[in-house]
Amino acid sequence: MKDQKPKLKPKEKMKIQRTEMPERTAEERVLGFGEVPLGFSEDLAEIEALRCLDCKDPKCMVGCPVGIDIPAFLKKVEDGDFAGAIAKIRETNFLPAICGRVCPQDQQCELTCIVGKKNKPLSIGNLERFVADYEREHGLRVTPEIEAPTGFSVAVVGSGPAGLTAAYELRKRGHEVTVYEAFHRAGGVLVYGIPRFRLPLDIIDEDVKALEEMGVNFEFNTIIGKSMTLDEMLSKEFGFDAIFIGTGAGLPKMLNIKGENLNGIYSANEYLTRIYLMGADRFPDNVTPLNQGKKVGVIGAGNTAMDVARTAKRLGAEVTVYYRRSKEEAPARTEELRHAMEEFINFKFLSNPVEFVGDEDYFVKKIVCDEMKLGEPDDSGRRRPTPTGKQFVDEVDTVIFSLGCNVNPLIPDSTPEIVTNKWGVVLVNEETLETSKKGVFAGGDIITGGAKVITAMGQAKIAARSIHHYLTEKTAKHTYFAKEVESV
Amino acid sequence: MPKLFEILTREELAPKTIMFNIFAPTVARAIQGGQFIILRVSANGERIPISISGWNRNEGSIRIIIMAAGRTSAEAIMLKVGDCFQDIVGPLGKRSHVEELDGTAVLIGGGYGTGAIIPTARDLKALGNKVIGIVGARNKDLLLLQDEMNEVCDEVIPTTNDGSMGIEGFVTHGLAKVIEREKVSYVLAVGPVPMMKAVSEMTRPNGIQTWVSLNAIMVDGTGMCGACRCTVGGKTQFACFHGPDFNGHEVNFEELQARQKMFQVQEKIALEQLNEVLV
Ligand SMILES: Cc1cc2nc3c(=O)[nH]c(=O)nc-3n(C[C@H](O)[C@H](O)[C@H](O)COP(=O)(O)OP(=O)(O)OC[C@H]3O[C@@H](n4cnc5c(N)ncnc54)[C@H](O)[C@@H]3O)c2cc1C
Ligand SMILES: Cc1cc2nc3c(=O)[nH]c(=O)nc-3n(C[C@H](O)[C@H](O)[C@H](O)COP(=O)(O)OP(=O)(O)OC[C@H]3O[C@@H](n4cnc5c(N)ncnc54)[C@H](O)[C@@H]3O)c2cc1C
Ligand code: SF4
Ligand code: SF4
Ligand code: FES
């Protein structure tokens, strides 16, 4: 059956329309936390993969921070060999079901795909997601081979995508690996940031289980820098030979305006953590409360703001996003903005909150905004918003700040040897990702100040390779020279 | 060896006030006076912060005092010896400030705060300071840990609202007496917000170094969420991360007290649900 497919010339392939993944309607999806895209059928996946030109010099791979052999996996999908396709992906990517869902493909592999020059690019992310789901649904996952024990043991701090990837790469090379996590479960922002309608929990749990099956130890409820310091971990007491730090970015940014500590005002981190880590949407069966009113204001227009707004909508609120620049400057991905707009979320662009007004019980009731206009471009190349002099006042009973995060200084504070820049971003050797402290490496948001899942994973892979080298080469020396890793 | 987070001992200090020793070796090896933990009672439970009143590093155990205030603390005090807490994470927050002083140190505890000041009283005394403890309660049956307070302080002044023991009135009455008679250079107060506020007002005119431990509502306890934000010296601070101890003369107590009521409606629902299960 498979070999009955027509042989198409590149020109013909270029003409086939991209297969879009079916989605739930907006009306249906705001009723719950089910995933928005519904997945490809086998047929749709094969048809979409057929569009790949199997380039000699595949530009798509340049856009993928972990360098998946995209044409090879697409060829297998085209042939209906889904098991082969996932095996190909797993050579380089440990979290395909996650990346297929949350990678901003339009800025990565799909941005550089050659077909995109004339037509829409290959649907690489969706196909990756399809084969990863196929593997899970058909129970095809195999525990990877672990090399002979090396006798070295490595501590991984944090269980976000960076930590999980580092653990995988290090364990595969035969090292003992212990992951320390501050919370009671693994996943980092994958769990307590990214909403369930974009990434279901069981997918993350499967990947964590796979690590446990490989013999990775998980120690939860442990805060490095508080429960123990890096020096103690490297001493005889704990006996680690090297450490990978993947603690992410943490400290939420506030606006420092009047009234921002009123009741009913949350940071995105608090709001999302209450819901997605603690399950406050099922209060009181889950005991963690959330006090969300009928009118929710979201401040900011990045991806996190879209996640917050869409979550608030699903919990029954009328949601308005306030952003001080215009739609064109909004940092959120086009797809995220589209999803939010489809889901009946209001947007007030060129609106800069300057004050919150509360009632006698200290609960927020009003948001005061400056109306803005766009002036000259600033350092970031975006046009700088300036007040027009006019203001408006809206009624709100819940406000959620989504202005990004600063890096959490817990570890550098407890280990002054770890050098950071003035924003707290940990500085590393660009090539090895070793920090200023010998034997301590870092990757993920802690060295970028905030980037993407796949960037964190790519860095974790590099760091794991360096750690392996550091441990196994007797001549290994400290390679640090300060360098900030650009957040790409 | 005990199981992780297993309750080793349980003692009722006063009605609805239970002291637990718990096996939590990671916390026990590093904890210091003034720091706290966050615990969950069950897998669907809330994270609540609780101060540390003691530890045994060899045994790997920590000692906490829980006063039932609502749903989660009520569930916690129902646990028995041999039961386990779901999670305990810590130590969190910074150690209470200690130094060699040229005057007396006065440590003031109300409610669970009496347990919380014990480690710091011991630390201050070890540095050679004169340490006076003032503990307040409604009546003498609610005064906690008197023997131990007597052991770690040079003098203990109990105050009770009904005069059933010590000075009749509030801890501030005890504090006024001490300030009147000797040079006080350090005050640490841990307890209900009105108490910490009254203490800070009393020491302000004399410019006495005054620390208060802010019991803001918390989620993660590591500086990640901002739930615990308080205004200190006009600036937003995270109680879990920059504190919990702050300069009492700079704290906006009105805001703290208002913020503690953020989930009042939900707290009532949660407690009612528990009571329904218990009936
Ligand atoms: C709401 C939201 C939506 C996002 N959506 C996307 C998306 O769609 N696509 C995408 O690519 N990226 C997205 N991102 C960004 C992405 O999630 C991050 O770039 C990525 O998770 C970084 O991974 P990490 O492993 O470095 O850190 P994190 O995922 O932040 O994990 C760090 C882990 O370390 C733990 N930890 C912290 N300090 C300590 C300590 N001292 N001791 C022990 N453990 C500690 C934390 O509890 C956490 O589990 C989103 C981010 C947010 C907030
Ligand atoms: C640093 C710190 C140390 C503390 N030490 C102790 C202690 O040693 N012993 C003790 O009994 N209590 C202590 N508390 C207070 C304790 O955390 C609250 O009593 C507990 O959270 C109440 O939860 P609940 O579900 O039983 O009651 P609820 O009915 O939910 O709340 C009762 C009151 O407790 C406060 N509260 C509720 N949820 C939280 C939360 N997640 N975090 C903080 N406060 C909350 C609110 O102000 C609320 O009005 C401490 C609090 C802090 C911040
Ligand atoms: S991991 Fe991300 S960037 Fe790489 S191929 Fe998959 S979707 Fe594209
Ligand atoms: S660039 Fe596009 S067409 Fe070329 S190999 Fe990659 S996915 Fe296929
Ligand atoms: S409790 Fe989350 S920042 Fe303090």
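Residues numbered from 1 in each chain as written. Chains lettered and ligands numbered in written order. Predicted model: local features only at pLDDT ≥ 70, side-chain atom pairs only at ≥ 80, totals over all residues. Heavy atoms only, no water.

> Honestly, the overall build of chain B in this entry has me stumped. Any pointers?
Regarding its fold elements, chain B presents nine helices and 16 strands. Against the compact-globule benchmark of 19 Å for 279 residues, chain B has a radius of gyration of 18 Å, which places it among compact chains. The principal-axis extent of the C-alpha atoms belonging to chain B is close to 55 × 40 × 35 Å. Counting every position in chain B, which comprises 279 residues, the buried fraction comes to 59%. Within chain B, residue pairs in contact and separated by at least 24 positions form 64% of the contacts whose partners lie at least 6 positions apart. As presented, chain B carries roughly 11,100 Å² of accessible surface, and 51% of it is formed by carbon and sulfur atoms. Where the 27 positive side-chain charges of chain B centre and where its 31 negative ones centre are 3 Å apart. (Helix = DSSP H or I, 4+ residues; strand = E, 2+ residues; numbered from the N terminus. Rg over C-alpha atoms; globule rule 2.2 N^0.38 Å. Buried < 20%, exposed > 50% of the residue type's maximum accessible area, 1.4 Å probe, protein only. Contact = heavy atoms within 4.5 Å. Areas by Shrake-Rupley, 256 points an atom, 1.4 Å probe, with all protein chains shown as cover. Lys, Arg positive; Asp, Glu negative; His and termini not counted. Charge placed at Lys NZ, Arg CZ, Asp CG, Glu CD.)

> Even after reading the chapter, I still don't get the side chain of S466 of chain A, so can you show me in this structure?
Tracing the sequence through the fold places S466 of chain A in helix α19 (residues 453-472). S466 of chain A has contacts with E431, T432 and F441 of chain A, leaving out every residue within four places of it along the chain.

> When you look at the sheet that holds strand β16 (residues 245-247) of chain B in this model, what are you seeing that I'm missing?
Strand pairing within a sheet occurs via backbone hydrogen bonds; the two strands may be parallel or antiparallel. All names here are of chain B. Spatial ordering of the open sheet is given by β11-β10-β9-β8-β12-β13-β16, a layout of seven strands whose pairing is mixed. Each having just a single partner strand, β11 (167-168) and β16 make up the two edges of the open sheet. As defined by bridge partners, strand β12 (residues 184-190) adjoins strand β13 (residues 209-213) across four bridges and the pair is classed as parallel. From the neighbouring strand, A189 faces β13, where its bridge partner is V212. (Pairing = 2+ DSSP bridges.)

> Teacher, can you tell me more about the sheet that holds strand β7 (residues 87-92) of chain B here?
Residues and elements named next belong to chain B. The sheet built from three strands is open, its strands ordered β4-β3-β7 with antiparallel pairing. This sheet does not close on itself; its edge strands, each paired only once, are β4 (48-51) and β7. With strand direction ignored, the average angle separating the axes of adjacent strands in the sheet is 30 degrees. Pairing geometry for strand β3 (residues 36-40) and β4, over four bridges, is antiparallel. Note on β4: the bridge partner recorded for F36 is S51. (Axes fitted to C-alpha atoms, helices over the stretch in contact; angles between N-to-C directions.)

> Any chance you could explain the pattern of salt bridges here in plain terms?
Opposite charge on two side chains permits them to pair, given that their charged atoms come into close proximity. Residues and elements named next belong to chain B. Summed over the entire model, instances satisfying the criterion amount to 53 salt bridges over all chains. One salt bridge in this structure joins E6 and K3, with 3.8 Å as the shortest N-O distance. Here E201 makes a salt bridge to R204, at a shortest N to O gap of 3.0 Å. By relative accessible area, R204 is classed as partly exposed at 38%. (Salt bridge = Lys/Arg side-chain N within 4 Å of Asp/Glu carboxyl O.)

> How should the site of ligand 1 be read in this particular structure?
All names here are of chain A. Near ligand 1 you find 33 residues, and of these V102, A162, E181, R198 and D445 are the closest. With respect to ligand 1, the backbone of V102 contributes an N or O atom lying 2.6 Å from a nitrogen atom. For the shell around ligand 1, the elements supplying multiple residues, two or more each, are α10 (161-172), α11 (189-192), α15 (303-314) and α19. Split by residue class, the shell around ligand 1 holds 17 nonpolar, eleven polar and five charged. (Near = heavy atom within 4 Å. Polar contact = N/O pair within 3.5 Å; in protein donor to acceptor, adjacent residues only side chain to side chain. Nonpolar A, V, L, I, M, F, W, Y, C, P; charged D, E, K, R; others polar.)

> Is there a simple way to think about helix α14 (residues 268-277) of chain A in this case?
Turn by turn, an α-helix covers 3.6 residues, leaving residues three or four places apart pointing in a common direction. All names here are of chain A. Burial within α14 is extensive, with ten of its ten residues counted as buried. Among the residues of α14, those classed as buried are A268, N269, E270, Y271, L272, T273, R274, I275, Y276 and L277. Just downstream of α14, G279 is the residue with a positive phi angle, here 75 degrees.

> Looking at this structure, how should I read the packing of helix α3 (residues 42-50) of chain A against helix α5 (residues 70-78) of chain A?
Geometrically, a packed helix pair is captured by the angle between its two axes and the distance between the axes. All names here are of chain A. Packing of α3 against α5 leaves a shortest axis separation of 8 Å and a crossing angle of 135 degrees. Taken together, the axis directions place α3 and α5 in an arrangement best described as oblique. Considering the relative orientation of α3 and α5, their crossing is left-handed. Residues A45, E46, A49 and L50 of α3 form the contact with α5, whose own contacting residues are L74, V77 and E78. Of the residues contributing to the contact of α3 with α5, the split by class is five nonpolar, no polar and two charged. (Parallel < 35°, antiparallel > 145°, perpendicular 65-115°, else oblique. Left-handed = near helix turned anticlockwise from the far one by under 90°.)

> Sorry, what's going on with the confidence of the model for chain B here?
Low pLDDT marks regions whose predicted coordinates should not be analysed in detail. Residue and element names in this part refer to chain B. Model confidence for chain B is summarised by a mean pLDDT of 95, while 100% of its residues fall at 70 or above. For chain B, helix α9 (residues 264-278) is the element with the lowest average pLDDT, namely 89, and β13 is the one with the highest, namely 98. Confidence metrics for the complex model read pTM 0.94 and ipTM 0.95. (pLDDT = per-residue confidence, 0-100.)

> Explain helix α6 (residues 82-90) of chain A to me, please; I cannot follow it from the model alone.
Residue and element names in this part refer to chain A. Of all nine residues making up α6, seven are buried, and the element is well covered by its neighbours. Where α6 is concerned, the buried positions are F82, G84, A85, I86, K88, I89 and R90. Buried residues along α6 sit against α3, α5, α7 (96-102), α9 (124-137) and α10.

> Explain the domain arrangement of chain B here, please?
Put simply, an interface is often sized by how much accessible area is lost when its parts join up. Residues and elements named next belong to chain B. If you check the domain split of chain B, you get domain 1 (7-92), domain 2 (95-213) and domain 3 (215-270). Between the C-alpha centres of domain 2 and domain 3 the distance comes to 22 Å. Both sides together, the interface formed by domain 2 and domain 3 hides about 1,300 Å², and carbon and sulfur atoms give 54% of it. The three residues of domain 2 that bury the most area against domain 3 are V193, V212 and S213, which together make up 39% of that side's buried surface. (Domains from an automatic or database assignment. Buried area = accessible area lost by both parts, 1.4 Å probe.)

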